[in-house]
Structure formats: C-alpha cells, structure tokens
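# Per-entry structural report
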Amino acid sequence: MKIKGVVLREANKPYTIEEMELEPPKANEVLIRYVYAGYCHSDLHLQLGEIPIAMPLAAGHEGAGIVEEVGPGVTTVKKGDHVGVTWMIPCGVCPQCRRGMGNVCSGNFGNFLQGLLLDGTSRIKDKKGEMIRHGNFVSCFSTHSVVPELGVIPMPKEFPLEFAALMGCCVPTGWGTVWNTAQVKPGDAVAVWGLGGVGLNVLRACVMEHAYPVFAIDLEESKAGLAKEFGATRFICNSKEDPVPIILKETGGIQAPDGMWMGGGVQYAFEAIGDPGAIIQAWWSTAIAGRVIVPGITPYDQTTNIPLMLLPLHQKAIMGNLYGSISTHVDIPRLVNMAMHEDLKLDKLVTNKFKMEQVNDVAEKMHKRQIPGRWVMAFD
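Every chain is numbered on its own, with residues counted from 1 as its sequence reads. Selection of residues for local features in this predicted model requires a pLDDT of at least 70, selection of side-chain atom pairs for listing and counting requires 80 or more, and totals for whole chains, interfaces and linings are taken over all residues. Side-chain numbers here rest on the full set of heavy atoms in the structure, without hydrogens or water.

## Looking at the packing of helix α8 (residues 243-250) against helix α9 (residues 276-285)
- Remark: α8 packs on α9, axes separated minimally by 9 Å, with the N-to-C direction vectors making an angle of 20°. Compared by their axis directions, α8 and α9 come out roughly parallel. Along this stretch, α8 crosses α9, giving a crossing that reads as right-handed. In this structure, α8 contributes Pro-243, Val-244, Ile-247 and Leu-248 to the contact, and α9 contributes Gln-281, Trp-284 and Ser-285.
- For this classification, the nonpolar set comprises Ala, Val, Leu, Ile, Met, Phe, Trp, Tyr, Cys and Pro, the charged set comprises Asp, Glu, Lys and Arg, and every other residue, Gly included, is treated as polar. Across the contact of α8 with α9, the residue classes break down as 5 nonpolar, 2 polar and no charged. Axis geometry follows a simple rule: fit a line to the C-alpha atoms, using only the stretch in contact for helices, then measure angles between N-to-C directions, giving values from 0 to 180 degrees. Numbering of helices and strands runs from the N terminus; a helix is a DSSP stretch of H or I covering at least four residues, while a strand is a stretch of E covering at least two. Small angles under 35 degrees read as roughly parallel and large ones over 145 as roughly antiparallel, with 65 to 115 read as roughly perpendicular and the rest as oblique. Helix crossings fall into two classes, left-handed where the near helix is turned counterclockwise from the far one by less than a right angle and right-handed where it is turned clockwise. We call two residues contacting when some pair of their heavy atoms lies within 4.5 Å.

Next comes the structure, spelled out in structure tokens:
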C-alpha cells in the first residue's frame, strides 16, 4: 500500500516527506494507521547524527493509532483497536531479559540500530524500490507502518490517542525513572534538570510520590510556569544562576569561609537532557550517598569531568537509565490506568500540535529550545 511519511536519509540534513510502499504485515506483525506522534528530543539527536543508527529510516518512535490489519498468529489486538507502540521490544531470552531487564535487551538491539523488524527485514520501500528502514521498530511519523505485535500496547478507546502516543516514550521513561530506578520515597529531596517531555514526567512522578523539596531546573525562564503546574516547589533558570549553591543551601547545607559546602543536597538528581554541564551540576547538587540518574541521551562523542574521589568517600553514584527500566506490557497499562483516574497533567504536557509537513520547523525549534512540554504530530 502507498503511505506518506517523514524520512531521515542523512545526518545533519532536513527530513524529507516521501511517498513510500508498505508491505502487509507478516506473522506476528500489526499494520497501524497512526493518528498522533510525539516529537522527542531523541528524534533531534538522530537528525543531528548524535546517536549512531542506520539510515535512511522512516522516523518517529512515540506514537499511537488504530489497527488496520493483523498478520498470522496475532492474538492480542484486532482490526479497529486503539493502540500505542513501544520502541524497545525485549527478546525474552538474552542475558538482560532473563534478569528482568528487557529495557536494555541485547537480543533485539542490533535490529533496533539497523532499523529492521524482528525477522531482520524491512516492510518499507521508497519510490525507487530501495529499502527504507524502520525507525526504532515504530516509524510513527508516517501515515501507516507495520510493527511487531510485541511492540503494540492496546489502549482503551475512551483514552485520547494524543495521550496514548506519549505512553510510547516520555511518560513511561519519566515515571519509570522515578519508580523503578530511583525508587523515590516520600520526603526525599529531588532535583530535575530539563523540563521537556521526559523531565516533566520525572517531575510529576516525584511530586506524586511526595518527594520534598522538588527543584526544577531549565535553561529557559519560560519553563517556570510549567514547572509550577507540574508541582515543583522551586524553579531555577540555570542560564541565569547556578543551581548548585541554591539547592545545597535550601536543603540545609552550610557554606564554610573557604567556600566549601558542608551537608545539604538532594537524594536524587535527575538529568533529563543529556548535557555534560547539567550532569556536573546535578553531581554537585547531590547529598552524601546521593544518586545522579541520567535518562537524557548525551551525544556519543561528548564526555564530562567529575572528581572520582567522592564516589567512595561520599558513596555517590551516577546511573544511566534507558526507558525508565520499564516492563512495557506491565508499566504502560499501569500508567494508562493512572492517567484515566489521576492527574498526570497530560493535558498540560501537550502544548501544541503540528502537521507532518511542519516537521523540519519543529526540529529547528527543538534545537533552539523553543518547545515547552511535548509537541504532537496530528494526522487527522
């Protein structure tokens, strides 16, 4: 069938909008007509060549839509069902999956990076008949795509699809980082760097876990309103002032005459941007035995300089975190249920909608830090 979608052919080049040919689903695959797709900072990383991945690919990894056809053997969804999609599909048999760490599955990660489905092939071709790769198994910046059944999450029809799209990445990444990785407890002092889609969900999860105080840090002063809306007790614009002494002081730290700080700091500092400078600020803002947790994706060629002596002396740690350490078919339905019964602020998270043809403008605005919350591509 003919489809239309956003293609990334080369790093550091604009997206192209192309007509493509999509093959029908094979065994254990599902054909989805997309309705909404979120534009994530990871999409920008891919466009800028900051994440090594095979191209050309049909872009997009955070989406939701309606099932149009199922392949042989599919049992969990049927035509007409509303679904979200996931960009990490655990194989179930690799060492990581056997240890309950399907979010970092090594069995399917090769196909993920190569833009291939689970059988090692693609269902998409361009007008010349040449292969187009599947972006993160999902390719949701297209009108339609074929996705492995294991990467499809059924959604209640009363749950808006624009919110269901966010369940593919930013919501579970943010909440899972707090639930599964940090395991934040009531009264824990926390700080969140970066108030994009993931950071705002980290912030909201910390608030609903009754962390206190909750510091929200961003380079853009314009994010102050969103920080307050999502429950932060203190917003700091780190393009105007250094958040480290503010956090240390407001958590009980005392500055000695020589400038050194004694005590204070947060138990958990979340860096949701992938910026080396922010990671350093987060490090110095943590208390003794504190944890810096990094769900943000840092470009592969960037490094940072952190004094290692404090690792043992203060028993600190820096922890990477992918996809909130979630179990997709457990945590995503759990979050959907919460969103339908509790205030996750998803209506405040979606701050704008755009059309496929505007994707390059959106990417430029993301690069200039001009997108608060999450902007969502709308197909209907």
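Having seen it, we continue.
## A word on helix α13 (residues 359-367)
- Exposure classes here rest on a 1.4 Å probe applied to the protein chains alone. A residue is buried below 20% of its type maximum, exposed above 50%, and partly exposed in between. Of the positions making up α13, those classed as buried are Val-359, Val-362, Ala-363 and Met-366. Seen end-on, α13 carries its buried residues on one side only, within an arc spanning 100°.
- In this structure, the buried residues of α13 make contact with β1 (2-8), β2 (16-22), β3 (29-39), α1 (41-47), β19 (350-354) and β20 (374-378).
- Where α13 ends, the next residue or the one after it, Arg-369, has phi of about 60°, a positive value. The directions considered for the arc run from the helix axis to the C-beta atoms.

## Observations concerning the packing of aromatic side chains
- We call Phe, Tyr and Trp rings a pair once their centres come within 6.5 Å, taking the six-membered ring for Trp, and we label the pair stacked below 30 degrees between planes, edge-to-face above 60, and tilted otherwise. Taken as a whole and judged by the stated rule, the model has 9 aromatic pairs.
- Plain terms: the ring middles of Phe-109 and Phe-112 are 5.2 Å apart, the flat faces sit at 10° to each other, and that makes the pair stacked. Taken together, the residues Phe-109 and Phe-112, both in helix α3 (residues 109-114) and 3 residues apart, mark about one turn of the helix.
- Assessed through its relative accessible area of 32%, Phe-109 is described here as partly exposed.
- An angle of 55° between the planes, with centres 6.4 Å apart, marks the rings of Phe-159 and Phe-163 as tilted.
- Of the residues examined, Phe-163 reaches a relative accessible area of 16% and is grouped as buried.
- A cation over an aromatic ring shows up here: Lys-316 above the ring of Trp-283, its NZ or CZ 4.9 Å from the ring centre.
- Placement of a charge over a ring requires the Lys NZ or Arg CZ to be within 6 Å of the ring centre, with the centre-to-atom vector within 35 degrees of the ring normal. Over the ring of Trp-179 we find Arg-334; its NZ or CZ atom is 3.9 Å from the centre of that ring.

## Topic: the environment of Ala-37
- Here Ala-37 shows up in strand β3.
- Sequence-wise, Ala-37 and Leu-166 are 129 residues apart; in three dimensions their C-alpha atoms are separated by 7.8 Å.

## Concerning α8
- Considered for burial, the residues of α8 that qualify are Pro-243, Val-244, Ile-246, Ile-247 and Leu-248.
- Elements in contact with the buried residues of α8: β11 (190-193), β12 (214-218), β13 (234-237), β15 (261-262), β16 (266-271) and α9.
- Gly-252, located one to two residues past α8, shows a positive phi value of around 95°.

## Focus on the nonpolar core
- Core analysis: the largest hydrophobic core is formed by 98 residues, its most contacted members being Tyr-39, Met-167 and Phe-270.
- Looking at which element gives the most residues to this core, the answer is β3, with 7 residues.
- Setting aside residues no more than four positions away along its own chain, Met-167 makes contact with Met-155, Phe-159, Pro-172, Ile-332, Leu-335, Val-336, Ala-339 and Leu-346.
- Here, the term nonpolar core denotes a set of buried Ala, Val, Leu, Ile, Met, Phe, Trp, Tyr and Cys residues that are joined through side-chain atoms within 4.5 Å. With 18 residues, the next largest nonpolar core counts Ala-189, Ala-269, Ile-279 and Ala-282 among its residues.

## Focus on the side chain of Glu-162
- Assignment of secondary structure puts Glu-162 in helix α4 (residues 161-166).
- Accessibility expressed as a relative area gives 16% for Glu-162, which makes it buried.
- Think of a polar contact as two N or O atoms within 3.5 Å of one another; within protein, one of them needs to be a possible hydrogen donor and the other a possible acceptor, and neighboring residues in sequence only count if both atoms come from side chains. In terms of polar contacts, Glu-162 uses its side chain to reach the side chain of Lys-353, at 3.0 Å.
- Excluding its chain neighbours within four sequence positions, the residues that come into contact with Glu-162 are Tyr-36, Val-350 and Lys-353.

## Topic: the pairing of strand β17 (residues 286-294)
- Bridge count for β16 against β17 is 4 bridges, and the pairing is parallel. Counted as the bridge partner of Tyr-268 is Arg-291 from β17.
- With α9 bridging β16 and the parallel β17, this β-α-β connection has right-handed handedness.
- Two strands pair when backbone bridges link them, and β17 and strand β18 (residues 317-320) are joined in this way by 4 bridges, in the parallel orientation. Opposite Val-294, over in β18, you have Gly-320 as the bridge partner. Two strands are said to pair when DSSP picks up at least two bridges between them. Handedness is read with the strands pointing away from the viewer; a crossover is right-handed when the path from the first strand over the helix to the second is clockwise.

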